[in-house]
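# Structure assessment
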Amino acid sequence: MKQELKVIAAACALAFTALPALAADTMPRSEWNAKVGACAQDAKTLASVMAQLSAEDQVAFLAEVNEAISKMPVSDEVKAARFYEANSAAVRTATDGNTSAVLAEVFATVPPEFLTDISERFAKDVFKRTTADGRALSDGDFVKYAKDAMAKVNARCEKTENAGVRETFAVLMFLHASGGSPSNLSEVLVATMPDAKNREMAANEWIKPAMGDGQEQTYAPMLGYAQAGDEPDHAIVTRLTGPADAMALLMSDLAAQSGDTKTPASKLAGGDVRASSSIPGVQQDGIGLNRIPRAYVASSEAVGGNANGTNAGSPNRYHTGHRGDEPGADITPPSPPPFYP
């Protein structure tokens with residue numbers, strides 16, 4: 001049995017970005033507490049601190065980081081991006097055997113309106129059941145690991161407000177990650193929820209709209225029940241966080257914690273992957289030092305303009321999409337703009 005679990009875990013594991021090894025002497029609470037604000041702003045700093053904490057402190061630390069993000073005077077989209085970056089980094093850097101506990105803290109402490117983005121992104125970027133080379137967990141193994149993780153999530157969320165909504169977001173994460181198989185996964189995972197009313201609401205009112213099952217996808221029933229804030233614009237959130245990391249595939253960590261082996265995914269494969277980008281300084285189109293120049297969209301001058309490249313009929317070289325030999329939009333500028341490296 002041990003050997004089988006090791007093979008399953010190895011099959012779906014990829015290397016993580018190298019992180020500092022957990023020191024024998026973990027960081028005291030007084031020290032990491034002072035770093036909460038900085039870690040709420042930067043996921044790389046958070047990952048570094050997480051690697052120096054005990055398993056118990058990792059959970060407490062993440063709760064404080066999420067509280068700090070909740071209080072930030074920023075737009076919902078920026079806040080959602082920071083929630084995703086911070087919580088993704090937290091589950092990826094959880095110590096051996098602590099992934100489920102950290103995951104439970106994610107669903108217990110992130111406000112429900114921001115769990116909409118985390119649930120979907122975690123399913124795609126973090127807990128997907130297939131590896132880059134196409135290998136996948138069997139239905140039986142996937143169900144077992146999802147049920148075991150849900151037990152931790154349910155136990156933690158039952159101590160919070162809107163427990164049923166939070167638990168259902170965790171169920172939705174595994175449904176998205178499953179790829180639709182097995183077909184009864186929704187019923188199996190809903191059955192793990194402790195409260196009968198929450199099970200009924202999840203099965204009959206929340207999951208089908210959230211999955212877009214026979215209707216347009218919407219989280220309105222769940223967020224309305226929780227009296228939550230407005231759902232952020234997911235397209236903007238994705239732009240702010242940039243492209244996904246190389247898949248961490250932490251289902252392998254859940255597999256290890258469900259059986260006799262405790263080998264984490266970070267020790268099961270080798271390779272080089274990119275570190276998770278933090279919001280400040282992300283190098284992507286429109287952000288950072290290498291961004292493509294864009295003029296002020298409300299300007300009345302020719303250097304202003306809108307996303308289509310014009311303002312009052314005047315071509316705007318910064319919005320045409322032309323970059324040297326690469327034409328973009330169908331607006332022809334008065335003269336070819338210079339090449340932007």
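It should be emphasised that the depicted structure is a prediction, and the values quoted were computed from it without experimental measurement.

Next up on the list: the overall build of the chain. Across its full length, the chain holds 15 helices and two strands. Within the chain, buried positions represent 47% of all 341 residues. Taking the intrachain contacts of the chain between residues at least 6 apart in sequence as the baseline, contacts between residues at least 24 apart amount to 68%.

It is at 8 Å that the axes of helix α7 (residues 99-109) and helix α9 (residues 139-157) come closest, and there the two elements cross at 45°. Taken as axis vectors, α7 and α9 run oblique relative to one another. α9 is crossed by α7, and the crossing has right-handed handedness. Between α7 and α9, the residues in contact are S100, A101, A104, E105, F107, A108 and T109 and A149, K152, V153, R156 and C157, respectively. Grouping the amino acids of the contact of α7 with α9 by side-chain chemistry returns seven nonpolar, two polar and three charged.

This brings us to unusual backbone geometry. The omega angle of the peptide bond from S181 to P182 is 0°, so this bond is cis rather than trans. When you line up the elements, P182 lands in the loop between α10 (163-178) and α11 (185-190). Its identity as a non-glycine residue notwithstanding, N162 has a phi of 60°, on the positive side. Inspection of the secondary structure puts N162 in the loop between α9 and α10. Even without glycine at this site, Q227 takes up a positive phi of about 50°. You can see Q227 is positioned in the loop between α13 (220-225) and α14 (234-241).

Okay, the nonpolar core next. A general trend in soluble globular proteins is that nonpolar side chains are found buried together. L46, F61, V65, F107, F122 and F169 are the most contacted members of the largest nonpolar core, which has 72 residues in total. Of all the elements, α10 adds the most residues to this core, at nine residues. Ignoring any residue separated from it by four or fewer positions in sequence, one finds F61 in contact with W32, V36, C39, L46, V49, M50 and L53.

Inspection of the secondary structure puts R82 in helix α6 (residues 76-92). A relative accessible area of 13% places R82 in the buried class. A sequence separation of 10 residues divides R82 from M72, and the C-alpha atoms of the two residues are 10.0 Å apart.

Now for the confidence of the model for the chain. Overall, the predicted model of the chain reaches an average pLDDT of 75, with 62% of residues at or above 70. Residue range residues 1-24 is modelled with pLDDT below 50. Its contacts to residues more than four positions away, or to other chains, number 53 contacts.

About the criteria used
- Residues numbered from 1 in each chain as written.
- Predicted model: local features only at pLDDT ≥ 70, side-chain atom pairs only at ≥ 80, totals over all residues.
- Heavy atoms only, no water.
- Helix = DSSP H or I, 4+ residues; strand = E, 2+ residues; numbered from the N terminus.
- Buried < 20%, exposed > 50% of the residue type's maximum accessible area, 1.4 Å probe, protein only.
- Contact = heavy atoms within 4.5 Å.
- Axes fitted to C-alpha atoms, helices over the stretch in contact; angles between N-to-C directions.
- Parallel < 35°, antiparallel > 145°, perpendicular 65-115°, else oblique.
- Left-handed = near helix turned anticlockwise from the far one by under 90°.
- Nonpolar A, V, L, I, M, F, W, Y, C, P; charged D, E, K, R; others polar.
- Core = buried A, V, L, I, M, F, W, Y, C linked by side-chain atoms within 4.5 Å.
- pLDDT = per-residue confidence, 0-100.

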